[in-house]
Amino acid sequence: MSTPLRITEIFHSLQGESRSVGWPTVFVRLTGCPLRCSYCDTAYAFKGGETLTLAAILEQVAGFRTRHVTVTGGEPLAQKGCLALLTALCDAGYEVSLETSGALDISDVDARVIRVMDLKTPSSGECERNRYDNIEQLLPHDQLKFVIADQADYAWSREQLLRHDLAARCEVLFSPVADRLAPATLADWILRDRLPVRFQIQLHKYLWGDEAGR
């Protein structure tokens, strides 16, 4: 029997980040997170939610009739049943991505899943929680994300990029913190330093603001 999962919401929207930005996607948002990042925009997922069986989750996802599924949080890997959910979604034929903080071990995630993993920047307040051994687990189809609030974050992220030769391992994403760093400023820094990274903004915020479930 699979472990039931605590779910904050399951909803259909456009993917706002990562390589699959713009694709209609079903989001399965798991409840709970051991981190408290300063720029977190999903604090409503820290508590509450509804306990659902794996079968019930799969039934809801199937009802949206879409190919892409993102498992997110909170921190989805904080729940024991997340690994089984990811595998079941892959087995059902979806293109599955996982949004994870990188503070927890990613080595047991199904290899078919696209792991979009953060390295927490200094301004997050959770930089010391980064598990750098996770970098060795990343595959070419995975993505590594840096959420950048200021010039100090950018300098730190650039240092990690070069020190660990991250661009040779997988795609690297640099994203500005909404309302704290102007997107054009980050874009200018990337171009100035000729970094081999993908600049991204949160598309869903430009479309719908901070509305939950979008």
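A few points on the structure. Just so we're clear, the structure is a prediction, and the values are computed from it rather than from any experiment. The numbers attached to residues start from 1 for each chain and follow its sequence in the written order. Only residues with pLDDT of at least 70 get local features here, since the model is predicted, and only at 80 or more are side-chain atom pairs given and counted; chain-wide, interface and lining totals rely on the full set of residues. Values reported for side chains reflect all heavy atoms of the structure, with hydrogen atoms and water molecules removed beforehand.

**A word on the sheet that holds strand 9 (residues 198-199)**
Sheet architecture is open: nine strands sit in the order 3-1-2-4-5-6-7-8-9, paired in mixed fashion. The two strands at the open ends of the sheet, each matched to only one other strand, are strand 3 (50-52) and strand 9. Think of it this way: DSSP has to see at least two bridges between two strands before they count as a pair. Only DSSP runs of H or I reaching four residues or more are called helices, and only runs of E reaching two or more are called strands; each is numbered from the N terminus. The pairing of strand 7 (residues 143-148) with strand 8 (residues 171-176) spans six bridges and is classified as parallel. Bridging across to strand 8, Ile-148 finds its partner in Pro-176. A contact between two residues is defined here by any heavy atoms of the two lying within 4.5 Å. Helix axes are fitted to C-alpha atoms over the stretch in contact, other axes to C-alpha atoms as well, and angles between N-to-C directions run from 0 to 180 degrees. The strands touched by helix 4 (residues 183-193) within the sheet are strand 7, strand 8 and strand 9, with strand 8 carrying the most contacts at an inclination of about 140°.

**Here's the deal with unusual backbone geometry**
Most peptide bonds take the trans form, and the phi angle of most residues other than glycine is negative. Look at the link from Gly-73 to Gly-74: it is a cis peptide, with omega at 10°. Following the sequence through the fold, Gly-74 ends up in the loop between strand 4 (68-72) and helix 2 (82-91). Of note in this structure, Arg-65 is not a glycine but carries a positive phi near 50°. Positionally, Arg-65 belongs in the loop between helix 1 (54-62) and strand 4.

**Brief notes about the packing of aromatic side chains**
Centre distance within 6.5 Å is the pairing criterion for rings of Phe, Tyr and Trp, where only the six-membered ring of Trp is used; planes under 30 degrees apart are then read as stacked, over 60 as edge-to-face, and the remainder as tilted. Under the criterion given, the structure shown has five aromatic pairs. Here the aromatic rings of Phe-146 and Trp-156 are separated by 6.1 Å at their centres, their planes lie at 65°, and the arrangement is edge-to-face. A residue pair is termed long-range when its members are at least 10 positions apart, and Phe-146 in strand 7 and Trp-156 in helix 3 (residues 151-163) qualify at 10 residues. The same class applies to Phe-146 and to Trp-156, which are both buried. Through a chain of ring-to-ring contacts, three or more aromatic side chains come together here, namely Phe-146, Tyr-154, Trp-156, Phe-174 and Trp-189. Buried residues are those whose accessible area, probed at 1.4 Å on protein chains only, stays under 20% of the maximum for their type, while exposed residues exceed 50% and partly exposed ones sit between those limits.

**Here we look at the packing of helix 3 against helix 4**
Relative orientation of the contacting elements helix 3 and helix 4 amounts to 35°, with a least axis distance of 11 Å. For helix 3 against helix 4, the interelement crossing comes out right-handed. Between helix 3 and helix 4, the contacting residues are Gln-151, Tyr-154 and Arg-158 on the first element and Leu-186, Trp-189, Ile-190, Arg-192 and Asp-193 on the second. Each crossing gets its handedness from the near helix: less than a right angle anticlockwise from the far helix is left-handed, clockwise is right-handed.

**Notes on helix 4**
Looking only at helix 4, the buried set comprises Leu-186, Trp-189 and Ile-190. Taken down its axis, helix 4 places every buried residue within 95° of arc, on the same side. Among the exposed residues of helix 4, those oriented more than 90 degrees off its buried face are Ala-184 and Leu-191. Positive phi appears at Arg-194, one or two residues downstream of helix 4, with a value of about 55°. As used here, the arc belongs to the directions running from the helix axis to the C-beta atoms.

**Observations concerning the nonpolar core**
By size, the foremost hydrophobic cluster in this structure holds 46 residues, and its most contacted members are Val-28, Ile-57, Val-61, Leu-85, Phe-146 and Phe-174. Residue contributions to this core peak at six residues, all from helix 2. Excluding residues within four positions of it along the chain, Val-61 makes contact with Ile-10, Val-26, Val-28, Val-69, Leu-89 and Tyr-94. Judged by nonpolar contacts, the second largest core, of nine residues, contains Leu-35, Ala-103, Val-147 and Ala-149. Each nonpolar core is a collection of buried residues, namely Ala, Val, Leu, Ile, Met, Phe, Trp, Tyr and Cys, held together in the definition by side-chain atoms within 4.5 Å.

**What about the environment of Arg-192?**
Summarising the element assignment, Arg-192 is placed in helix 4. Residues Arg-192 and Asp-110, 82 residues apart in the sequence, show an inter-C-alpha distance of 37 Å. Here a polar contact is recorded for every N or O atom pair within 3.5 Å, except that within protein the pair must consist of a potential hydrogen donor and a potential acceptor, and residues adjacent in sequence are included only if both atoms are side-chain atoms. Side-chain polar atoms of Arg-192 contact the side chain of Asp-193, separated by 3.0 Å.

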